[in-house]
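Breakdown of the fold
Chain by chain, the residues:
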Amino acid sequence: MVAYWKLPPEWNPMAPLDLRAEPGPMTRVKLWRLAEDPEACFVAFTASSLALVRVPDRRSEATCMIEDAVLLPNSIMVTPRGPTVTCRMAAAWALFERHSLQRAARQHLGTEIVGVRHLGTYSCRNVNNVATRRRSEHATANAIDIATLVLADGREVRLARDWGNGKPEGDFLRAVRDGACRWFRVVLSPDYNAAHADHFHFDMGPWRTCR
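Scope of this entry: the structure provided in the associated data block. (Residues numbered from 1 in each chain as written. Predicted model: local features only at pLDDT ≥ 70, side-chain atom pairs only at ≥ 80, totals over all residues. Heavy atoms only, no water.)

1. Focus on unusual backbone geometry
Between Thr-79 and the following residue, Pro-80, the backbone shows a cis peptide bond with an omega angle of -10 degrees. By the secondary structure assignment, Pro-80 is in the loop between β3 (77-79) and β4 (84-86). Despite not being glycine, Asn-129 shows a phi value in the positive range, around 60 degrees. As for its position among the elements, Asn-129 is in the loop between β5 (113-120) and β6 (143-151). Judged by its relative accessible area of 59%, Asn-129 is exposed. Look at Ala-141: it is not a glycine, yet its phi comes out positive at around 60 degrees. (Helix = DSSP H or I, 4+ residues; strand = E, 2+ residues; numbered from the N terminus. Buried < 20%, exposed > 50% of the residue type's maximum accessible area, 1.4 Å probe, protein only.)

If you want it as structure tokens, here you go:
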């Protein structure tokens, strides 16, 4: 009798991405592949038993189309509610929220995150609103800007106030930035430039930057 060895899901590159499982050696590889196979993203949410609300595709003559998008799924309050993001952005967020954001909050602040205030996901514009720059990832809802994090004990951690303050809140924000770099292609913090002094920028574009 011939014995067949079956790869466990966390090692099997062909198994759907499990957004709830502890990250394994193939997790980020599968996440990056979603850019090439959008349908695999929806399969990942189904396989992970996580609900999604899909957003109809929207064509644009200004290269600001929305394709394979969803309402950002989350287990915490996101304000303003119901931001539209690409499915792969939603997948990265699910991994970030579970495996980086909450862990950083517990480690540095002794509590969990219950809310996030963002500055937007979709905006048909160029990078930094400069006419000569390339299109921003916000132009296709492939990015999100985060300004404030709300803790379960009622405290708020704000990028504009708490980044680099030498206190636990500042240490927490740096841990959030570093953790986000595991999941998003581009992570920009107040260390990057003055335009990001009050928020994190996360996106799933083609470039790779962690600043």
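2. Some remarks on the pattern of salt bridges
Taken as a whole and judged by the stated rule, the model has 11 salt bridges. As a salt-bridge pair, Arg-106 and Glu-112 come within 2.6 Å of each other at their nearest N and O atoms. The exposure class assigned to Arg-106 is partly exposed, which follows from its relative accessible area of 40%. The partly exposed category is assigned to Glu-112, whose relative accessible area is 35%. Here Arg-155 makes a salt bridge to Asp-153, at a shortest N to O gap of 2.8 Å. Via salt bridges that share partners, Arg-174, Arg-177, Asp-178 and Asp-191 belong to a single interconnected network. (Salt bridge = Lys/Arg side-chain N within 4 Å of Asp/Glu carboxyl O.)

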